[in-house]
Amino acid sequence: EVQLVESGGGLVQPGGSLRLSCLASGFTFSRSGMSWVRQAPGKERELVATIGGRGSTSYADSVKGRFTISRDNAKNTVYLQMNSLKPEDTAVYYCYSRNPILRMDYWGQGTQVTVSS
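Residue numbers here run from 1 along each chain, matching the order of that chain's written sequence. This being a predicted model, a pLDDT of at least 70 is required before a residue's local features are given, and a value of 80 or more before pairs of side-chain atoms are given or counted; all residues contribute to the totals for chains, interfaces and linings. Side-chain descriptors were evaluated using all non-hydrogen atoms of the structure, hydrogens and water having been removed beforehand.

Participant: Any chance you could break down the environment of Ser 7 for me, citing the residues and the numbers?
Facilitator: Each helix corresponds to a stretch of at least 4 residues labelled H or I by DSSP, and each strand to a stretch of at least 2 residues labelled E; elements are numbered beginning at the N terminus. With respect to the helices and strands, the residue Ser 7 is situated in strand β1 (residues 3-7). Placed 12 residues apart in sequence, Ser 7 and Arg 19 show a C-alpha to C-alpha distance of 8.6 Å.

Participant: Describe the pairing of strand β8 (residues 77-82), and please don't skip the residues or the numbers.
Facilitator: Burial classes: relative accessible area under 20% of the type maximum marks a residue as buried, over 50% as exposed, and values in between as partly exposed (1.4 Å probe, protein chains only). Buried residues dominate β8, accounting for 5 of its 6 residues. In this sheet, β8 lies alongside strand β3 (residues 18-25) in antiparallel orientation, the contact comprising 6 bridges. Looking across to β8, one finds that Cys 22 is bridged to Val 78. Two strands pair if DSSP finds at least two bridges between them. For strand β7 (residues 67-72) and β8, the ladder comprises 6 bridges, and the chain directions are antiparallel. Its bridge partner being in β8, Arg 71 is matched across the sheet by Val 78.

Participant: Provide a residue-level description of the environment of Ser 58, including the pertinent values.
Facilitator: Along the chain, the position of Ser 58 falls in strand β6 (residues 57-59). Residue Ser 58 is classed as partly exposed on the basis of its relative accessible area of 38%. With 38 residues separating them along the chain, Ser 58 and Tyr 96 place their C-alpha atoms 14 Å apart. By definition, residues are in contact when any of their heavy atoms lie within 4.5 Å. Here Ser 58 is in contact with Val 48, Ala 49 and Thr 50, once residues within four sequence places are set aside.

Participant: Explain the environment of Arg 19 to me, and be specific about the residues and the numbers.
Facilitator: Residue position: Arg 19 is located in strand β3. In this structure, Arg 19 is in contact with Ser 7, Gly 8, Tyr 79, Leu 80 and Gln 81, ignoring residues within four places of it in sequence.

Participant: A description of the pattern of salt bridges should follow, citing residues and the corresponding values.
Facilitator: Counted as salt bridges are all cases of a side-chain nitrogen of Lys or Arg within 4 Å of a carboxyl oxygen of Asp or Glu. By the definition in use, this model includes 5 salt bridges. In this structure, Arg 66 and Asp 89 form a salt bridge, with 2.7 Å as the shortest nitrogen-oxygen distance. In this pair, Arg 66 sits in the loop between β6 and β7 while Asp 89 sits in the loop between β8 and β9 (91-99), placing the two residues 23 residues apart along the sequence. Residue classification places Asp 89 among the buried residues on the basis of a relative accessible area of 1%. In this structure, the salt-bridge partner of Asp 105 is Arg 98, at a minimum N-O distance of 2.7 Å. Judged by relative accessible area, Arg 98 falls into the partly exposed class, the value being 38%. Taken together, the shared-partner salt bridges connect Arg 38, Glu 46, Arg 66 and Asp 89 into one network.

Participant: If you had to explain the packing of aromatic side chains to someone new, which residues and values would you point to?
Facilitator: Two rings from Phe, Tyr or Trp (for Trp, the six-membered ring) form a pair when their centres sit within 6.5 Å of each other. Planes less than 30 degrees apart are called stacked, planes more than 60 degrees apart edge-to-face, and all others tilted. Counting across every chain of the model gives 4 aromatic pairs. Note on Phe 27 and Tyr 106: the rings are 6.2 Å apart at their centroids and 20° apart in plane angle, and the pair reads as stacked. In this pair, Phe 27 sits in the loop between β3 and β4 (34-39) while Tyr 106 sits in strand β10 (residues 104-107), placing the two residues 79 residues apart along the sequence. Ring geometry for Tyr 96 against Trp 107: centres 4.6 Å apart, planes inclined by 45°, an arrangement best described as tilted. One end of the pair, Tyr 96, is in strand β9; the other, Trp 107, is in strand β10, with 11 residues separating them in the sequence. Overall, Tyr 96 belongs to the buried group, its relative accessible area being 17%. Ring-pair connections join several aromatic residues into one group, and the members of that group are Phe 27, Phe 29 and Tyr 106. Throughout this description, the term charge over a ring refers to an Arg CZ or Lys NZ atom that lies within 6 Å of the ring centre and within 35 degrees of the ring normal. For Arg 45, the ring lying beneath its charged end belongs to Trp 107, and the centroid distance is 4.2 Å. Taking the ring centre of Phe 29 as reference, the NZ or CZ of Arg 71 above it sits at 4.4 Å.

Listed below in structure tokens is the structure:
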């Protein structure tokens, strides 16, 4: 059974930092691309960052230069370091992966990030 379990969300002031973690199990993590997706109230889901199995990364324009995605294959964990947080970063953040062969999408349960003074 595939499981993605996020942690690290919370309340932070504007300009602050948070690090999200996603622990994966049930599939070959080291070969899989991993992403962070967020959804704010009343808005569509937004792809925030992606890291490939070999470590290549991509980011949404809205977070470039502030967020960093990374992975530790020994720990089956993907991270999202979020710096210089803004109120508009407030959302539920989901860990996501796709198996292109099985055409299956896997989602974590989400972790709330709130940026407010």
